[in-house]
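# Descriptive analysis of the structure
Now for the letters of each chain:
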Protein chains: 2
Amino acid sequence: MAGADGRQPTILTVAAHAGVSPMTVSRVLSGQKNVSPELSERVRASVAELGYRRNEQARSLRPGQRSGLIGVAITNIANPYYAELLLGADEVVGASGRGLLIGSTNEDEDRESTLISKFIGRQVEGLIVVPAGARRHLLPQALGGTPLVLASRAVEGARADTVLVDDIGASYEQTAALLAAGHRRIGYLGTATSVFTGLRRFDGFRMAHEDAGIELDQALVFAGQSDVQSAERVMLDLLGRRNPPTAVFCANNQNAIGAVRALRSSTARARTDPIHLLSFDNFELADVLGLPITIIDHDARELGRLAARMMLERLEGTATQPPRTVELPTRILSFVGRGRDIDASAGV
Amino acid sequence: MAGADGRQPTILTVAAHAGVSPMTVSRVLSGQKNVSPELSERVRASVAELGYRRNEQARSLRPGQRSGLIGVAITNIANPYYAELLLGADEVVGASGRGLLIGSTNEDEDRESTLISKFIGRQVEGLIVVPAGARRHLLPQALGGTPLVLASRAVEGARADTVLVDDIGASYEQTAALLAAGHRRIGYLGTATSVFTGLRRFDGFRMAHEDAGIELDQALVFAGQSDVQSAERVMLDLLGRRNPPTAVFCANNQNAIGAVRALRSSTARARTDPIHLLSFDNFELADVLGLPITIIDHDARELGRLAARMMLERLEGTATQPPRTVELPTRILSFVGRGRDIDASAGV
DNA sequence: CTGAAAGCGCTTACAG
DNA sequence: CTGAAAGCGCTTACAG
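Residues numbered from 1 in each chain as written. Chains lettered and ligands numbered in written order. Predicted model: local features only at pLDDT ≥ 70, side-chain atom pairs only at ≥ 80, totals over all residues. Heavy atoms only, no water.

Near DNA strand C, the surroundings consist of 24 residues, among which Ile11(A), Tyr52(A), Arg62(A), Gln65(A) and Arg27(B) are the closest. Between DNA strand C and Asn55(A) there is a distance of 3.0 Å, counted from a phosphate oxygen to a backbone nitrogen or oxygen. Among the secondary structure elements, those contributing two or more residues to the surface near DNA strand C are α2 (22-29) and α4 (56-59) of chain A together with α2 (22-29) of chain B. Here the surface near DNA strand C gets three residues from one element, more than from any other, and that element is α2(B). Counted by class, the surface near DNA strand C contains eleven nonpolar, eight polar and five charged residues. (Near = heavy atom within 4 Å. Polar contact = N/O pair within 3.5 Å; in protein donor to acceptor, adjacent residues only side chain to side chain. Helix = DSSP H or I, 4+ residues; strand = E, 2+ residues; numbered from the N terminus. Nonpolar A, V, L, I, M, F, W, Y, C, P; charged D, E, K, R; others polar.)

Laid out in structure tokens, this is it:
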């Protein structure tokens, strides 16, 4: 409740109301022991009556005090994958009593740079970033000592704990499985290889071909789609060819959804031979589409939790070792065509 | 870059480095005119060299200065609907130079109350909330003058600009359309009617029945599912009955997805007569499922933008009128069964 | 155009 | 157990 003058009550207002010094109020608020029960009770009553809330900005100004803020910069908040990641980070950070300052970078490095600069200006204790690129603003000298945790994508030269997904391994193994099953023409739909995960997933795809001694047909490779619409267009192109692929590796959820849309479009449905989809990332309803799909699933929320935990360990001084890189394992889900499959087999 | 003592540079560090007073540095930083070009240039050089960043917490401590923070409390960040809303708010708030402090309430009123209290302690300029309930902590006397914008759901007694979706109207009209098309047994899958949107959407459903003089079969009404799994279970129950409904109104995306899952499960697919789905909220791949679906679509990102704009208008003093309530219109998408329908008809 | 003084709301020593 | 003094990093008057 605001005072009669319309201003928020301060620690002085409370002190005057309770008839004690500001220090006593401060001690009660921070839960210190050395306050007599009577004064403590009087302060508490005044706080409640005045609707006083401690000004965290003022508190954190004193040296040794922390802002209680973690800055999170994400390439696209509205992508369900990153929304899950954010929720996981929120869980862990919130439980530590801290708050989350967020911003969507829209895969724009300049926006990311500005955002991070603002976060630091707001005295965040640490930064969790899904980096749009690998530029100067993420290097140690630009961060001025603010701890950094990178999620999903690594940045060369950054001094940062990094949480990755087993992109290369899972892509390699599942591509190898398709090749072993006899597929010889496998299409590739992914983001640009300038994106860290894009490159890694393509590398797994490429290496599986090399190791199997099967030449990769560059005419079937499309690396450059970051949204559903462009993925759908590219897939329709593939489907319309005289000699279309028998399987398609979709390197993220947006590409997979685009591929599904193309497959279910009227013209494509006339096809008789089913195309096997391999999707890196799970997506809603994948298991009930009636299409043969293999999903490389991983827990985005857990990735967010893990990133936040690594951050907290740094902040609480538990982690004094050099930056670590952790790879989250993946889980394989297989759905054969027509109807819903209950028997999703777990692997890796 | 940190100074030699490992501490961040302050305005004093910069002043000493540039050989000017702190005030001159402050003037340059805030872009004031009354500084000679020479000094201004020297200050800028020192700022760059020292890697100085203004401490926003300290700056905002002075009366008349604003924190530049907006607090956003959302029931579930990972729901794609709210993730979109958040992105819309981020767009508008970010463009105003402010930052977003966020938290997921998980539909828990206590968590919401704590979160809002923390936001206010951090001196947010305003609050954007998708309220989990309608308790004291959202009433004017609890907010101490912090402006509040409510999104998706209204709260009685709150002094807040409110952005709603046309829940009642759209539910009414589309239910009426189903009844006019001859449906007499329409199932209902929704969240609890204690949730604001849950009640409004059910009201539209109920009133359409009343006005059409058709009795609503309570045995077909399930209001209490807020996640996909429970919606799927309830839908399977409905489908397993001797006399199942011919259409089902799903009052949000989670219930619709659950319904789709149930419809596509092996046993249910054996059915010959298709069940028409009416979904309040769009969801990914709805148009390519090959099921007869009517979608009541609305733009969550625009809802987020609108909420943020209303907040900014309050903050910038443009809006001095009493709180407003705005209803966002909906758009109707119709997909008939089997295959993908290009001809989505727009309406309302 | 430039700067010395005071104070925003809080907490850290230090004194009793 | 309690409180007066000083200062965190900045900006608002006020003085030159």
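Glancing now at the interface of chain A and chain B. With 61 residues of chain A in contact, the opposing surface of chain B contributes 61 residues. The partner of Asp287(B) in a salt bridge is Arg261(A), and the shortest N-O contact between them spans 2.4 Å. At the boundary of chain A and chain B, one finds 28 residue pairs in polar contact (both at pLDDT 80 or more). With six residues, the single largest contributor to the side of chain A that touches chain B is strand β2 (residues 99-104) of chain A. Considering only residue class, the side of chain A that touches chain B consists of 23 nonpolar, 20 polar and 18 charged. As paired strands, β2(A) and strand β2 (residues 99-104) of chain B are joined by three bridges and run antiparallel to one another. Pairing of Leu101(A) across the sheet is with Leu101(B), part of β2(B). (Contact = heavy atoms within 4.5 Å. Salt bridge = Lys/Arg side-chain N within 4 Å of Asp/Glu carboxyl O. Pairing = 2+ DSSP bridges.)

This part takes up the UniProt feature "domain: HTH lacI-type" (unreviewed entry) in chain A. In the numbering adopted here, UniProt assigns the feature "domain: HTH lacI-type" (unreviewed entry) to residues 9-63 of chain A. Along residues 9-63 of chain A, the helical share is 62% and the strand share 0%, with 24 Å between the first and last C-alpha atoms. (UniProt positions renumbered as here; feature names shortened; annotations may be inferred.)

Here we take up the relation of the copies chain A and chain B. Of the two same-sequence chains, chain A is brought onto chain B (RMSD 0.1 Å, axial shift 0.0 Å) by a rotation of 180°. Between the two chains, the operation in question is that of a two-fold axis. Residues of chain A ranked by C-alpha distance from the rotation axis are headed by Leu101(A), positioned 2.3 Å from it. When the interface residues of chain A are mapped onto chain B, 100% of them are again interface residues, pointing to one common binding face. (Least-squares fit on C-alpha atoms with pLDDT ≥ 70 in both.)

Attention now goes to the pairing of strand β1 (residues 69-74) of chain B. All names here are of chain B. A large share of β1 lies buried, amounting to six of its six residues. With burial as the criterion, each face of β1 is covered, one bearing Leu 69, Gly 71 and Ala 73 and the other bearing Ile 70, Val 72 and Ile 74. Here six bridges tie β1 to β2, and the two strands are oriented parallel to one another. By the bridge assignment, Gly 71 is partnered in β2 with Leu 101. Following the chain from β1 across helix α5 (residues 80-95) to the adjacent parallel β2, one finds a crossover that is right-handed. Note that β1 and strand β3 (residues 126-129) share four bridges and pair parallel. Across the sheet, residue Val 72 finds its bridge partner in β3, namely Ile 128. (Buried < 20%, exposed > 50% of the residue type's maximum accessible area, 1.4 Å probe, protein only. Right-handed = clockwise from strand over helix to strand, strands pointing away.)

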